[in-house]
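A closer look at the structure
Residue strings, one per chain:
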Amino acid sequence: MDLPTLASVLQLALSTNPEERKAGEERLNQFQHAPGHLVGLLQIIVANNVDLSIRQVASIYFKNVSAREWTPRKPESPGVSDGDKATVREHLLEAIIHAPPIIRVQLGECLKTVIHADYPEQWPVLLLAIDGNLKSQDQQRIFGALYALRILTRKYEFKDEDERAPVYSIINTTFPVLLEIFKYLLSIQNPTVEIADLIKLICKIFWSSSYLEIPKLLHDANIFTAWMACFHNLLERPVPVEGQPTDPEQRKVWGWWKVKKWTLHIMNRLYNRFGDPKMSKPENKGFAQMFQKQFAGKFLESYMALLSVVREGGYLPDRVINLALQYLSTSVSKSVTYQLLKPQLDVVLFEIIFPLMCFNDADDELWRDDPHEYVRKGYDIIEDMYSPRTAAINFISELVRKRGKENLQKFLAFIVEVFKRYDEAPADRKPYRQKDGGLLAVGALSDKLKHTEPYKSSLELMLVQHVYPEFGSPAGHLRAKAAWVAGQYADISFNDQRNFSAAMHRVVAALKDPELPVRVDSVVALRSFVESCKDLNEIRPILPQLLDEFFKLMNEVENEDLVFTLETIVEKFDEEMAPYALGLCQNLAAAFWKCLQSAETDEDDDDSGALAAVGCLRAIGTILESVNGLPHLFPQMEPTLLPIMQRMLTTDGQDVFEEVLEIVSYMTYFSPTISLDMWSLWPSMVNAMDEWAIDYFENILVPLDNYISRSTEHFLTCQEPNYQQSLFKMMSTVMADEKLEDRDIEPAPKLIEAVLQNCRGRVDEWLEPYLRISLERLRKTKKNYLKDLLMEVVANALYYNAGLSLNILQKLGVTQEIFQVWFQMLYATKKSGKPVHFIREHDKKVCILGLANLLLLPAEAMPQELQSGLDQVFKAVLKLLVAYKEQRTEAAKGAEEVEDEDADLDGWRSGDDDDWEKELADDEDDGDEVDTQKLQKLAAQAKSFHPHDDDDSDDDFTDDEEFQAPIDNVDPFIFFSDIMNAMSTTDPARFQALSGCLDFQHQAMAHGLSQHAEERRKEIEKEMTEKSQSVAGMREQ
């Protein structure tokens, strides 16, 4: 397509006529793989004589095609030709330099795509081109080079040490000239906001280059000092008054305030990560000492000067205040800077921190004008990153945690004085906002105060005198704060239980408050009261009312914390929720659809709707789990939940896929039968696995296993769709994919096991295909756990049908190879003497059943090499049975010990924490040294729990208590004993031969196992008799 034609097609894609626009887009898509197409788009993008709107749409399309086709995800896609790639790389930087801002941002995304794919291997000249433009005297070229350099360094921002080599070359090449540009820009008198944009890019480049590691270049004291002088200059210089936007939203993102923000970011990162010699890597210790000695205190002074604006009522953006207070919080924990901060602490605490904690004009305006936004901001963790109030709370928390001995009493005395002034003030002049700040402080320090005497003993009185009365305050924000603080302290030990009850009923009453934020804070606080309530009879009578108010509120506001409260109520009352279960699911389903719609139509990129939608699904899962003993409820809930499952198992549900799969798992496991509607979900899960959901294979395994084990007949007999065929297709694709890690594939052999155990004797035609794909993957597998699972496919096949399985192994020519590998695995041990393979009880049991099943095969059905090694099979079964018995004994003993430990822990929890607090308090004077020693001690202790003598930790392979399999009802000791008894009758010669091959140790093993089998037989008969009697007794009642 020539350039004039391409330009006209792009013009068509801009048309307001939907049909014309669609035609233009289709033509563009037709040519996306044509040679020269991407180059043609770039030519139009840089053509100044073409209309800007056409250039803009070309840049967007150029970006999208590059992202999709530069490194194609789909193997069938031809991608961008090497020739076009070379041309784009040659001209892209120059295009960025000359592009207007609306086009530059699209080209920047394309540059990011190309850099991540091609730098440095296919594009080594990029760095030289950037460096050459940095050294020019042209501001436009310098800006373009900085813009590209920022994208280049960001590629390595989070890379590990072994992948960071290219960034060190970038730093060594560009940082000398960057520093000179930085100095020059700072020397300009009356700089424009364009200068701020250049400085901001330099700051971002420095940030990305030093985020994880300090470059060796900056270990040079002279070079680092020069950089620090530039940053100090930026911190100290006032932001220009002229040119600042008057609109608050535009003002906080103005170029010079952004420069200030990035400077604070960098200094915080340097001090927090690299500025403490005690916490540094050995190679960075010298740097840390230099930073702490020469710069930490100097920058603290600059931060204090910056924060003085808050005291004087001047303007600082919220993010700048937040970052400045973060540095102060870090300074508290470091002895050097704390000593500098100490003389100014009263000013910091009472003139900066506390005023920031108080309700203010902006809060009041938002409360009145947009209460929904007030609630959203209050519960949004992203907002916390920008909130001065959150940073103030974090500073107080860090101060009393690290330096509580000398500061906690002083700060609380100030809060008490605030409360006293409030109480003494006449009704029409009460300082509501200061009281709000005081309550926030008390709530924020709850963890400390609940464990520290003498405050711990006075909490109940404090709540009764200063918190609970505010439930009746004329100020809505105080009623909300009272509910929040009451929730923070709901778990204390009340001397008078009536105070707990009164507070809980006030929280419940506040669910009907006229102000939305009060109602939301009350629902969230209610969660703590429900968790702490010792007598649920206090809540039972009002449960319907609570649920009614709860759902009214959910219809008003999307907030996942509301759902947490519902989950707590459901968990607490468990099966008592049965009468409400259907209504709860219906309400939550309705709330989910509403939240989903809100998330899809939200133009503000606000995640609250999406988070609340996740919360709704999680709460539905909690309800389903709570009524799992009432299977008749599940078919009643199915029509409500089915539409959610049907839609959210497609790509629409990627953000909630795990939660939806949990619901599917409950519905397919606890329901009396699996309906045809529920079976309709199978293809969606398999399609998702084929296309994008490999990361969720472990989650998909559960419902697929349920389908196979609980609706076996339908799985085996249905032809449209053919579930057996679709399952094999999915698993063969996964097993053959060499790009997948071993861990990603683990669910596949588990599903094969589900098929072979549940469909025993009915899937003969699938035995060979499943063995073939398992053995092919086994040869490529490195991780021990996957090796175990794949070998267990062989064991399951032998248990399914030993003769047929051996015929297949013979046909594949792998019998000798497989048994050699299997026996090597059975006898492999770690340095500690523990087995390397088949660690779980279930692993051992599967191997026992498979190998033992071989022992009864007639000689004519057994290959010669296996006949001659049958004694080794026999001994291996004995070894496995002994190990299985020992493991079960150890597990039972461990369970008893855990129960005893829980009882001890309960006693410890009910004891006094004063000794612990005293120890902490004694440590505070030692400052950093104690913290370092404790961290090192803890690290050493933690290390002892993680053995490194093998790639796979035993922790990964514990038996799943909730996992159920058909072989659960098969006792391996009885199974083996029955086989040996049968052999002694049907093939006495083989029995004698196997018995005669045993040495004294193995004879003792065999005798002990025979006795244990008879003991197990009697135990099982006794359990069955008792169970029958119990069922008969229930029927009589």
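Residues numbered from 1 in each chain as written. Predicted model: local features only at pLDDT ≥ 70, side-chain atom pairs only at ≥ 80, totals over all residues. Heavy atoms only, no water.

Description of the overall build of the protein
A count of helices and strands for the protein gives 52 helices and zero strands. Its C-alpha atoms give the protein principal-axis dimensions of roughly 105 × 85 × 65 Å. Within the protein, the fraction of its 1037 residues that count as buried is 50%. If you take every contact in the protein between residues at least 6 apart in sequence, the share linking residues at least 24 apart comes to 76%. (Helix = DSSP H or I, 4+ residues; strand = E, 2+ residues; numbered from the N terminus. Buried < 20%, exposed > 50% of the residue type's maximum accessible area, 1.4 Å probe, protein only. Contact = heavy atoms within 4.5 Å.)

So, the packing of aromatic side chains
Applying the stated criterion across every chain yields a total of 48 aromatic pairs. Between the aromatic rings of Y799 and F975, the centroid separation amounts to 5.8 Å while the plane-to-plane angle is 65°, which identifies the pairing as edge-to-face. Within this pair, whereas Y799 is found in helix α42 (residues 784–800), its partner F975 is found in helix α50 (residues 972–986), the two being separated by 176 residues in sequence. You'll find Y799 and F975 in the same group, each marked buried. A network of ring pairs unites the aromatic residues F224, Y271, F287, F291, F295, Y303 and Y327 as a single cluster. R104 extends its terminal NZ or CZ atom over the ring of Y147, reaching a point 5.7 Å from the ring centre. Over the ring of Y422 we find K430; its NZ or CZ atom is 4.8 Å from the centre of that ring. (Phe/Tyr/Trp six-rings, centres within 6.5 Å; stacked < 30°, edge-to-face > 60°. Lys NZ or Arg CZ within 6 Å of the ring centre and 35° of its normal.)

Points about a negative patch on the surface
A contiguous patch of negative charge on the surface is contributed by E571, D574, E575, E625, E658 and E662. With respect to the secondary-structure elements, E662 resides in helix α33 (residues 657–670). On the basis of relative accessible area, E662 is assigned to the partly exposed category, the value being 34%. (Patch = residues over 30% accessible without salt bridge, like charges linked within 9 Å, V, L, I, M, F, W, Y side chains within 5 Å. Areas by Shrake-Rupley, 256 points an atom, 1.4 Å probe, with all protein chains shown as cover. Salt bridge = Lys/Arg side-chain N within 4 Å of Asp/Glu carboxyl O. Lys, Arg positive; Asp, Glu negative; His and termini not counted. Charge placed at Lys NZ, Arg CZ, Asp CG, Glu CD.)

Quick word on the environment of P72
Along the chain, P72 falls in the loop between α4 (52–69) and α5 (82–98). By relative accessible area, which is 31% here, P72 ends up partly exposed.

Brief notes about unusual backbone geometry
That bond from Y119 to P120 is cis: its omega, 0°, falls within 30 degrees of zero. Along the chain, the position of P120 falls in the loop between α6 (101–118) and α7 (125–134). Following E720, the chain continues to P721 via a peptide bond in cis, the omega torsion being 0°. Summarising the element assignment, P721 is placed in the loop between α37 (712–717) and α38 (723–736). Backbone geometry at N190 places phi at a positive 50°, although glycine is not the residue there.

Section: the pattern of salt bridges
All chains considered together, the criterion is met by 46 salt bridges. Between E398 and R401 there is a salt bridge, with its nearest N and O atoms 3.2 Å apart. In this pair, E398 and R401 are both assigned in helix α21 (residues 388–424), three residues apart and thus about one turn of the helix distant. Take E398: its relative accessible area is 17%, and that puts it in the buried class. Taking the shortest distance from any N to any O, the salt bridge between K750 and E698 comes out at 3.4 Å.

A short note on α38
Because the α-helix completes a turn every 3.6 residues, residues three or four places apart line up on one side. Relative to the 20 Å expected for 14 residues at 1.5 Å per residue, α38 spans 20 Å between its end C-alpha atoms, a close match to the ideal helical length. Among the residues making up α38, those that are buried are Y723, Q724, L727, F728, M730, M731, S732, V734 and M735. Backbone nitrogen of Q724 and a side-chain oxygen of the N-cap are separated by 3.2 Å at the start of α38; the cap is N722. (Expected span 1.5 Å × (residues − 1). Polar contact = N/O pair within 3.5 Å; in protein donor to acceptor, adjacent residues only side chain to side chain.)

Details of helix α1 (residues 3–13)
When α1 is considered as a whole, its buried residues turn out to be L6, A7, V9, L10 and A13. Down the axis, α1 shows its buried residues gathered within 160° of arc, on one side only. As for α1, its buried residues are in contact with α2 (18–30), α3 (37–46) and α4. (Arc of directions from axis to C-beta.)

Describing the nonpolar core
Grouped together as the largest cluster of nonpolar side chains are 332 residues, with contacts concentrated most on W227, M228, F231, L727 and W822. By residue number, the principal contributor to this core is α21, which donates 14 residues. Ignoring anything within four residues of it in the chain, the contact list for F231 reads F182, C203, F206, T263, I266, M267 and F299. Core analysis: the next-biggest nonpolar cluster, separate from the first, contains six residues, W367, A480, A510 and V518 among them. (Core = buried A, V, L, I, M, F, W, Y, C linked by side-chain atoms within 4.5 Å.)

Structural notes on a nonpolar patch on the surface
Residues I381, I382, M385 and Y386 make up a contiguous nonpolar surface patch of about 410 Å² in total accessible area. The topology assignment puts Y386 in the loop between α20 (381–384) and α21. The exposure class assigned to Y386 is partly exposed, which follows from its relative accessible area of 39%.

Considering the environment of A392
Within the secondary structure, A392 is located in helix α21. Here the alpha-carbon distance between A392 and Y770, two residues 378 residues apart in the chain, equals 61 Å. Ignoring anything within four residues of it in the chain, the contact list for A392 reads L325, I353, L356 and M357.

Describing the confidence of the model for the protein
Overall, the prediction assigns the protein a mean pLDDT of 89, with 92% of residues at 70 or greater. In the model, residues 905–957 has pLDDT below 50 throughout and makes 53 contacts with residues more than four positions away in sequence or in other chains. (pLDDT = per-residue confidence, 0-100.)

Section: the packing of α6 against helix α8 (residues 139–154)
Between α6 and α8, whose axes approach to 9 Å, the crossing angle comes to 45°. Relative to α8, the element α6 is oriented oblique. α8 is crossed by α6, and the crossing has right-handed handedness. Contact with α6, carried on its side by R104, V105, G108, L111, K112 and I115, involves F143, Y147, A148, I151 and L152 of α8 and no other residues of that element. A class-by-class count of the residues in the contact of α6 with α8 yields eight nonpolar, one polar and two charged. (Axes fitted to C-alpha atoms, helices over the stretch in contact; angles between N-to-C directions. Parallel < 35°, antiparallel > 145°, perpendicular 65-115°, else oblique. Left-handed = near helix turned anticlockwise from the far one by under 90°. Nonpolar A, V, L, I, M, F, W, Y, C, P; charged D, E, K, R; others polar.)

What about the environment of V557?
Relative to the helices and strands, V557 resides in the loop between α28 (543–556) and α29 (560–573). Residues V557 and V375, spaced 182 residues apart in sequence, show a C-alpha to C-alpha distance of 8.4 Å. Those residues within four positions of V557 in sequence are excluded, and the remaining contacts are H372, V375, V520 and L562.

Some words on the side chain of S665
Along the chain, S665 falls in helix α33. Other than its neighbours up to four places away in sequence, S665 contacts N699, V702, P703 and N706.

Focus on the packing of helix α30 (residues 578–601) against helix α32 (residues 633–648)
It is at 9 Å that the axes of α30 and α32 come closest, and there the two elements cross at 10°. Taken as axis vectors, α30 and α32 run roughly parallel relative to one another. Considering the relative orientation of α30 and α32, their crossing is left-handed. Residues A578, A581, L582, C585, Q586, A589, F592, W593, L596 and E600 of α30 lie in contact with α32, whose contacting residues are L633, Q636, M637, T640, L641, P643, I644, R647 and M648. For the contact of α30 with α32, the residue count by class is 14 nonpolar, three polar and two charged.

Here's the deal with the state of the cysteines
What the rule picks out here adds up to zero disulfides. Looking at the unpaired C203, the closest cysteine sulfur is the one in C230, lying at 9.4 Å. (Disulfide = S-S within 2.5 Å.)

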